[in-house]
Amino acid sequence: MGFGRLVLAEVHELGGTISARITLAISLPVLVTLLYLYAANAKTSEILSAYKQVEPLIYVSQIGQLLLLVSIIMLVSGKWQYKSAQPSLLKQPDRLRYLAAQATVMAGIWFLTMALTFGLFFWFRQLGAQQADVGYLLAIRPGWLLLVTVMATMMVMVSALIIAMLIPHSTAALVVYFVVVPSLMGLREAAPAVLGMINPLEMALFVAGDRSASALTAWGSLVVWASLFAFAVYMVRHRDAG
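Remember, it's a predicted structure, so these values are computed and weren't measured experimentally.

**Student:** I'd like a description of the overall build of the protein chain, backed by residues and values.
**Tutor:** Looking only at helices and strands, one finds 11 helices and zero strands in the protein chain. The linear arrangement of helices and strands in the protein chain, starting from the amino end, is α-α-α-α-α-α-α-α-α-α-α. Relative to the 2.2 N^0.38 estimate, which gives 18 Å for 242 residues, the radius of gyration of the protein chain is 19 Å and therefore close to what a compact globule would have. Along the longest, intermediate and shortest principal axes, the C-alpha atoms of the protein chain span 60 × 35 × 30 Å. The buried share among the 242 residues of the protein chain stands at 46%. Contacts spanning at least 24 positions in sequence make up 75% of the contacts within the protein chain whose residues lie at least 6 apart.

Shown next, in the form of structure tokens:
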């Protein structure tokens, strides 16, 4: 099977059920609504610095994509739970190509989500600054805002993908993701020097200028999640598809 057909098959399976299509359909308005609520409404004292103006982006990148991440986890993990990976692997037994096809679909979804998040947050935050009657500092730092957006949206999706690859049961994978990953953002405040090392959004916080994030925790977090990704690939390559 050609690689293009593999990618198209994964795209088809992403919305292969009615519930999946409904989830995908409402994920966009949920993301837009949360971006507006987080970005367009602020008190003057809350957005006086560039960091305070960009900070909500990191949190809304995680919360706003929740429904989209449900679809991704259901696709990647559910194919092993319900043995629907078998037809793909029978037609194309090379599991690295199988994973590359899924990664291509995820990359496309990530790029569209990242671009939408960046554009809408930039616009909505400007409305919030005008409403609060403060200078809109992100207007002179679009490259910095883009970098924060890239890191935040990418690591949110990568962490969901890794968990889905590691746990071949969609319900269990969803529970782990929605309990463990969002909790890290709150728990890291108690010990950022330690828990920051396992927080997938640590690099985004560091780039944004969060004082509790350091270069050590930011790069350490990337190493941890890159290692988890490599381990997840190993597990998928050796998992029984029967």
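**Student:** Quick rundown of unusual backbone geometry? Include the residues and the values.
**Tutor:** With a phi angle near 60°, Asp 133 is a residue other than glycine that sits in the positive phi range. In this fold, Asp 133 is placed in the loop between helix 6 (95–132) and helix 7 (142–166).

**Student:** Hey, could you go over the pattern of salt bridges for me, with residue numbers and the actual values?
**Tutor:** A side chain with one charge may pair with a side chain of the opposite charge, provided their charged atoms come close. Scanning the entire structure with this criterion turns up two salt bridges. In this structure, Glu 55 engages Lys 52 in a salt bridge whose closest nitrogen and oxygen atoms are separated by 3.6 Å. Placement of both Glu 55 and Lys 52 in helix 3 (residues 50–63) is noted, with a separation of three residues, approximately one turn of the helix. Under the relative-accessibility criterion, Glu 55 is labelled buried at 18%. Residue Arg 188 is joined to Glu 202 by a salt bridge in which the shortest nitrogen-to-oxygen separation is 2.9 Å.

**Student:** Outline helix 1 (residues 3–14), listing residues and values.
**Tutor:** Counted at 1.5 Å a residue, the expected span for helix 1 with its 12 residues is 16 Å, and the 17 Å between its end C-alpha atoms agrees. Buried residues of helix 1: Leu 6, Val 7, Glu 10 and Leu 14, and no others. One side of helix 1 holds all its buried residues, which, seen down the axis, span an arc of 100°. Opposite the packed face of helix 1, turned more than 90 degrees from it, sit the exposed residues Arg 5, Leu 8 and His 12.

**Student:** Give me the nonpolar core: which residues, what numbers.
**Tutor:** With 70 residues, the main nonpolar core has Val 54, Met 165 and Tyr 177 as its most contacted residues. The element contributing the most residues to this core is helix 7, with 15 residues. Those residues in contact with Tyr 177, other than ones at most four positions away along the chain, are Gln 62, Leu 66, Leu 69, Ile 73, Val 156, Ser 159, Ala 160, Ile 163 and Pro 182.

**Student:** Lay out the packing of helix 6 against helix 11 (residues 215–237) in plain terms, naming residues and giving numbers.
**Tutor:** Between helix 6 and helix 11, the shortest axis-to-axis distance is 10 Å and the interhelical angle comes to 125°. Compared by their axis directions, helix 6 and helix 11 come out oblique. In this structure, the crossing between helix 6 and helix 11 has a hand that is right-handed. Residue-level inspection shows Arg 95, Leu 96 and Leu 99 of helix 6 in contact with helix 11, the latter providing Val 233, Val 236 and Arg 237. Taken together, the residues of the contact of helix 6 with helix 11 sort by class into four nonpolar, no polar and two charged.

**Student:** Would you mind going over helix 4 (residues 66–81) in detail, with residue names and values included?
**Tutor:** Taking 1.5 Å per residue, 16 residues should reach 22 Å; helix 4 reaches 21 Å between its end C-alpha atoms and fits that length. Residue Leu 75 marks the point of greatest curvature in helix 4, where the axis turns by about 30°. Listed in full, the buried residues belonging to helix 4 are Leu 68, Leu 69, Ser 71, Ile 72, Ile 73, Leu 75, Val 76, Ser 77, Gly 78, Lys 79 and Trp 80. Just past helix 4, the residue Lys 83 takes up positive phi, approximately 60°.

**Student:** I'd like a description of a nonpolar patch on the surface, backed by residues and values.
**Tutor:** On the surface, a cluster of nonpolar side chains totalling about 540 Å² of accessible area is made up of Tyr 36, Leu 37, Tyr 38, Ile 63, Trp 123 and Leu 127. Listing elements by their share of the nonpolar patch, those giving two or more residues are helix 2 (18–39) and helix 6. Among the elements that take part in the nonpolar patch, helix 2 stands out by supplying three residues, more than any other. The topology assignment puts Leu 37 in helix 2. Among the residues examined, Leu 37 registers a relative accessible area of 47% and is labelled partly exposed.

What counts and how
- Residues numbered from 1 in each chain as written.
- Predicted model: local features only at pLDDT ≥ 70, side-chain atom pairs only at ≥ 80, totals over all residues.
- Heavy atoms only, no water.
- Helix = DSSP H or I, 4+ residues; strand = E, 2+ residues; numbered from the N terminus.
- Rg over C-alpha atoms; globule rule 2.2 N^0.38 Å.
- Buried < 20%, exposed > 50% of the residue type's maximum accessible area, 1.4 Å probe, protein only.
- Contact = heavy atoms within 4.5 Å.
- Salt bridge = Lys/Arg side-chain N within 4 Å of Asp/Glu carboxyl O.
- Expected span 1.5 Å × (residues − 1).
- Arc of directions from axis to C-beta.
- Core = buried A, V, L, I, M, F, W, Y, C linked by side-chain atoms within 4.5 Å.
- Axes fitted to C-alpha atoms, helices over the stretch in contact; angles between N-to-C directions.
- Parallel < 35°, antiparallel > 145°, perpendicular 65-115°, else oblique.
- Left-handed = near helix turned anticlockwise from the far one by under 90°.
- Nonpolar A, V, L, I, M, F, W, Y, C, P; charged D, E, K, R; others polar.
- Bend = angle between axes of the 7 residues up to and from the residue.
- Patch = residues over 30% accessible without salt bridge, like charges linked within 9 Å, V, L, I, M, F, W, Y side chains within 5 Å.
- Areas by Shrake-Rupley, 256 points an atom, 1.4 Å probe, with all protein chains shown as cover.

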